[in-house]
Amino acid sequence: MPPEIESHTDEIKPPSFLDNFKNSFHNATENLRLLAGETLNEIDTWKKIRVWIFHIFPISDQLRPGKYNVHVFIEDFLAAVAVTAMIIPQSLAYGSLARIPAVQSFISATIPLIIYAIFGSGRQLALGPEALTSVLIGVYAEKEVLAYGGTVSDVASTLTLLVGIFCLLIAVIQAGFIDNILAGYLLTGFVSGIGTLIMIEQVPGLVGVHLEANANAPALETFYNTINNIHKMSLLTFLISLSNIAFLFAAKSLKYKYGPKLKTTKSGKYLLLIPELFILVVFMTMLSGIMDLQNNGVQVIGDIGQFSFRAPQFHLDRVRRLTQPALIITIMGFVVTQVVNRTFGMLNNYTVSKHRELVAVSFANLVSAGVGGSMVCGSLPRSRVLANSGARTMLCNLIVGIFTIIALSTVSPLLHYLPKATLESIVFVAAYGLIDWGEIKFLFKLRSTWEIAQFLATFAITIGSSISDGVIFCFLLAALVIVRRTTKLEMRIMGRVTVYTHFPNLDKQQLVFDADGQEKDSTEDLQEIKSGDINPTSSPTPVQYRFVPVDEYPDAQFFSAITIISIKGPLLFFNANRIPREIDAMVHKQRKIRYLRQREDRDGSPSHRRIGTETKYVSMTLNTLEIVTQQKTIPAGEQDEEKFLPDNIQRNRARNATTALSENQNMTTIFDFSASDDLDSAASYVFASAIKNIKGKVLLASLSAQHLKLFSYAGILNFEGDQCNVFETVGVAVRSIISEEEYFSESLS
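Residues numbered from 1 in each chain as written. Predicted model: local features only at pLDDT ≥ 70, side-chain atom pairs only at ≥ 80, totals over all residues. Heavy atoms only, no water.

1. Considerations on the overall build of the chain
And step 1. From N to C terminus, the chain includes 30 helices and twelve strands.
And step 2. The buried share of the chain, taken over its 749 residues, is 48%.
And step 3. Summarising the internal contacts of the chain: among those between residues at least 6 apart in sequence, 82% fall at separations of at least 24.
And step 4. Carbon and sulfur atoms provide 59% of the accessible area of the chain, an area that totals close to 38300 Å². (Helix = DSSP H or I, 4+ residues; strand = E, 2+ residues; numbered from the N terminus. Buried < 20%, exposed > 50% of the residue type's maximum accessible area, 1.4 Å probe, protein only. Contact = heavy atoms within 4.5 Å. Areas by Shrake-Rupley, 256 points an atom, 1.4 Å probe, with all protein chains shown as cover.)

2. Regarding a nonpolar patch on the surface
And step 1. A surface patch of nonpolar side chains, amounting to about 840 Å² of accessible area, comprises Phe 247, Leu 271, Ile 274, Phe 278, Ile 279, Val 282, Met 286, Ile 290 and Met 291.
And step 2. On the basis of relative accessible area, Ile 274 is assigned to the partly exposed category, the value being 35%. (Patch = residues over 30% accessible without salt bridge, like charges linked within 9 Å, V, L, I, M, F, W, Y side chains within 5 Å. Salt bridge = Lys/Arg side-chain N within 4 Å of Asp/Glu carboxyl O.)

3. Structural notes on the packing of aromatic side chains
And step 1. With the rule as written, the count across this model stands at 14 aromatic pairs.
And step 2. Between the aromatic rings of Tyr 432 and Trp 437, the centroid separation amounts to 6.1 Å while the plane-to-plane angle is 40 degrees, which identifies the pairing as tilted.
And step 3. For Tyr 432, a relative accessible area of 33% corresponds to the partly exposed category.
And step 4. Judged by its relative accessible area of 41%, Trp 437 is partly exposed.
And step 5. Here the aromatic rings of Phe 687 and Phe 711 are separated by 5.2 Å at their centres, their planes lie at 25 degrees, and the arrangement is stacked. Residue Phe 687 is located in helix H27 (residues 681-692), and its partner Phe 711 is located in helix H28 (residues 705-714); the two are separated by 24 residues in the primary sequence. For the residue pair Phe 687 and Phe 711, the accessibility class agrees, reading buried in each case.
And step 6. In this structure an aromatic cluster arises from ring pairing among Phe 671, Phe 673, Phe 687 and Phe 711. (Phe/Tyr/Trp six-rings, centres within 6.5 Å; stacked < 30°, edge-to-face > 60°.)

4. Quick word on helix H18 (residues 395-411)
And step 1. Relative to the 24 Å expected for 17 residues at 1.5 Å per residue, H18 spans 24 Å between its end C-alpha atoms, a close match to the ideal helical length.
And step 2. Taken together, the buried positions of H18 are Leu 395, Cys 396, Asn 397, Ile 399, Val 400, Gly 401, Thr 404, Ala 407 and Leu 408.
And step 3. Against helix H3 (58-62), helix H4 (70-97), helix H5 (102-107), helix H6 (111-119), strand S1 (126-128) and helix H17 (380-388) lie the buried residues of H18. (Expected span 1.5 Å × (residues − 1).)

5. Quick word on the pairing of strand S11 (residues 697-701)
And step 1. In terms of burial, S11 is largely enclosed, as four of its five residues are buried.
And step 2. Looking at chain direction, strand S10 (residues 668-672) and S11 are connected through five bridges and run parallel. Bridge pairing links Thr 669 to Val 698 in S11.
And step 3. Once you follow S10 into H27 and on to S11, the crossover reads as right-handed.
And step 4. Both S11 and strand S12 (residues 726-727) contribute to a ladder of two bridges, which runs parallel. Residue Ala 701 lies in a different strand from S12, and its bridge partner there is Phe 727.
And step 5. Crossover handedness for the path S11 to H28 to S12: right-handed. (Pairing = 2+ DSSP bridges. Right-handed = clockwise from strand over helix to strand, strands pointing away.)

6. Comments concerning the packing of H6 against H18
And step 1. Where H6 contacts H18, the two axes come as close as 7 Å, and the packing angle between them is 160 degrees. Accordingly, the angle class assigned to the pair H6 and H18 is roughly antiparallel. Helix-helix and strand crossings are classified by hand; for H6 and H18 the assignment is left-handed. Packed against H6, whose contacting residues are Ile 111, Leu 113, Ile 114, Tyr 116 and Ala 117, the element H18 presents Asn 397, Leu 398, Val 400, Gly 401, Ile 402 and Ile 405 at the interface.
And step 2. Among the residues forming the contact of H6 with H18, the class breakdown is nine nonpolar, two polar and no charged. (Axes fitted to C-alpha atoms, helices over the stretch in contact; angles between N-to-C directions. Parallel < 35°, antiparallel > 145°, perpendicular 65-115°, else oblique. Left-handed = near helix turned anticlockwise from the far one by under 90°. Nonpolar A, V, L, I, M, F, W, Y, C, P; charged D, E, K, R; others polar.)

7. A few points about the side chain of Ser 702
And step 1. Mapped onto the fold, Ser 702 is located in the loop between S11 and H28.
And step 2. At a separation of 3.4 Å, a polar atom in the side chain of Ser 702 contacts the side chain of Asp 672.
And step 3. Ignoring anything within four residues of it in the chain, the contact list for Ser 702 reads Asp 672, Phe 673, Ser 674, Phe 727, Glu 728 and Thr 729. (Polar contact = N/O pair within 3.5 Å; in protein donor to acceptor, adjacent residues only side chain to side chain.)

8. Quick word on H17
And step 1. When we look at burial in H17, the residues that qualify are Arg 382, Ser 383, Val 385 and Leu 386. Mapping the buried residues of H17 onto a view down its axis gives an arc of 155 degrees, with all of them on the same face.
And step 2. Against the buried residues of H17 lie H4, S1, helix H15 (323-347), strand S2 (377-379) and H18.
And step 3. Of the residues trailing H17, Gly 390 is marked for its positive phi of about 95 degrees. (Arc of directions from axis to C-beta.)

9. Topic: the pairing of S10
And step 1. Within S10, five of the five residues are buried, which leaves it mostly tucked inside the rest of the structure.
And step 2. Alignment of strand S7 (residues 562-568) against S10, held across five bridges, turns out to be parallel. Along S10, the bridge assignment pairs Ile 565 with Phe 671.

10. Quick look at the environment of Leu 418
And step 1. Here Leu 418 lies in the loop between H18 and helix H19 (420-434).
And step 2. A sequence separation of 119 residues divides Leu 418 from Gln 299, and the C-alpha atoms of the two residues are 8.7 Å apart.
And step 3. Setting aside chain neighbours within four positions, we find Leu 418 in contact with Leu 92, Val 281, Met 284, Thr 285, Val 300, Ile 301 and Leu 423.

11. Comments concerning the environment of Glu 144
And step 1. Here Glu 144 lies in helix H7 (residues 131-148).
And step 2. Glu 144 gets classed as buried once you look at its relative accessible area, which sits at 5%.
And step 3. Spatially, the C-alpha atom of Glu 144 lies 8.5 Å from that of Arg 321, the residues being 177 residues apart in sequence.
And step 4. In this structure Glu 144 touches Gly 149, Val 155, Arg 318, Arg 321 and Leu 322, once residues within four positions along its chain are discounted.
And step 5. A polar contact of 2.6 Å, which involves the side chain of Glu 144, links it to the side chain of Arg 321.

12. Comments concerning unusual backbone geometry
And step 1. In the Ramachandran plot, Arg 99 falls in the positive-phi region, its phi being about 60 degrees despite a non-glycine side chain.
And step 2. Take Arg 99: it is sitting in the loop between H4 and H5.
And step 3. Arg 99 gets classed as partly exposed once you look at its relative accessible area, which sits at 31%.
And step 4. Even without being glycine, Ser 702 reaches a positive phi, approximately 60 degrees.

13. Remarks on the packing of H7 against H15
And step 1. At a minimum axis distance of 10 Å, the contact between H7 and H15 shows a crossing angle of 170 degrees. Between H7 and H15, the angle is such that the two are roughly antiparallel. Facing Leu 132, Thr 133, Leu 136, Ile 137 and Tyr 140 of H7, the residues of H15 in contact are Pro 325, Ile 328, Ile 329, Met 332, Gly 333 and Val 336.
And step 2. Of the residues in the contact of H7 with H15, the class split is nine nonpolar, two polar and no charged.

14. Considering the pattern of salt bridges
And step 1. Across all of its chains, the model carries nine salt bridges by this definition.
And step 2. Note that Arg 392 is salt-bridged to Glu 75, the shortest N-O span being 3.1 Å. Placement of Arg 392 in the loop between H17 and H18 and of Glu 75 in helix H4 is noted, with a sequence separation of 317 residues between them.
And step 3. In this structure Arg 392 comes out as partly exposed when scored by relative accessible area, which is 40%.
And step 4. The partner of Arg 492 in a salt bridge is Glu 552, with the nearest N and O atoms 3.6 Å apart. In this pair, Arg 492 is assigned in strand S3 (residues 490-501) and Glu 552 in the loop between strand S6 (541-549) and S7, connecting sequence segments 60 residues apart.
And step 5. On the accessibility criterion, Arg 492 (14% relative accessible area) is buried.
And step 6. Overall, Glu 552 belongs to the partly exposed group, its relative accessible area being 41%.

Scope: geometric values only; no functional claims are made or implied.
Here is the structure:
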């Protein structure tokens, strides 16, 4: 063996005990890490599955161990019993509004509720038939039958099927915002009109006058025909109706007055769970059977048929004709459902996803149509009963659906003796509840002309014509209002104001401002200022400057040869065509203000801008921008005698002066985008074309990433040297074109 190899082999030593221990420890920790990683991956996967299950089936999250117990179940059970006692008479009454058989209305109060309980998330939302949607279904179903034949039952099921499909489509395209289309006093007028119309339609049945059915007859015509035939009324029917309505109103009033006191006692709490509708229906059914009211001129419901599910008949031509009515009913039902969810979500500190609710309501209506039922949506009165009864989870709707099936399968024959006047009394009171008197009083108290006009217009159209005409007018007016407001482009002229402070100990506040006068930091002496230890001075001390709208601050000053225009709101395709006109209007507006101020300085008399106005200065405390106003009094002798000239002469003089001013000055225009939150390609193209027609230099300030991207494509941005036209703020843009002395000058126009 060569010596070099021998010497090399002598250097190889076996691993020591310490090396073996290190290697073993390293291998063991590596194996543990891999094992832990696999376990964590499995745990993470299971968590994802659970989250997915809870998202698809919210009831599974509400009923999981640790969150659900016996006490919560008892509250859900009692609430379900109360709603079951309420939903049976309501379903019967609302079935008459929808012109469908009682059995079909009962079906809507069973299986759809169970489906919603599985997929829905509104814990206090009571699903089922509702007065508003029932009357819409009745109107469109009766029109379809009179025009093309068929049965009202099949037409109602077809509308329910289309409602389910539309709800699912709206959820898929994420269009849950459509509930905002019908909002405000426009919706209040429409719903109040429907409530009044329903009440008028119940008058013939309440007094026992029989009129020929006419689906196209306006409500006022129905009321007029009832008055003409009042001599045919049934006195007994009228007395029953009057007593039933009085009982329902009295019961609601007593619950409202004594309900808080009764809730403090155990027996009182259970007493409040009994719905007045249930008491009325049981009592009137027994009274009718005992006194044989049917043979004394009082109409009763009669045989409502055997409660059973059925498969309706769907026709493609009918589906095509009912598409538009179904879309209207879908939106109305979704609006009602969202009102209930928002109301009780805020009261119970939870939020409900609009799109998840759309899917749940869609499945409920699809199943309802498949088993021969009618449309379902959220019910505010029943939801209020659920909430007041202590309902906590979606299990309530499931129990209500099961209880309703059991009750209707056993006691439905007993409803044979229930007087129709009782049902019409229930509908009358429910329709009265659709009118929000508190909101109407608030509207007229505000004396807002435009909103009062919306309310009265939709109310009058609904009452004077028909529900279908009211629906069309309501949607048309809502669309016009939305288009009018969204296409509005707001631009404002900006001027400079001086920021003052009332407090002489300015060094204690340590206020620091940037180039625009924005406060960056403050001290911890807030308590000293709040307690009044620092007393304000009569003459404020100047601190810095801000750029504010001239409309809000009439004394804001302008820099010579600079126009600052603030764009408020989005610049999008629907308001892009207004950009050139608004820019031109803002430029002329500033020129006119300059002319009025120059005339004031020249003549020594106040301009129209200052007569009867208030001068303002700004007070900067630690965290608040306070506007302090002082009323300015103008002696009569100092008023401008030129105001007595005709208006057209004054306008001509101002126009001539602004034209001369524009010819003598090379203006720089600065656009402030700090209040503009959106921009699209169409608006960027129009804006680029508009600023190319502006004489002088154009600067852009406070651009967002979207503005930078689209304006760069439009070729109007320049970042190089003296030609740079993009700046972080308006203050930086102004200081880039004027001297420091002029920027801090107090003698501006």
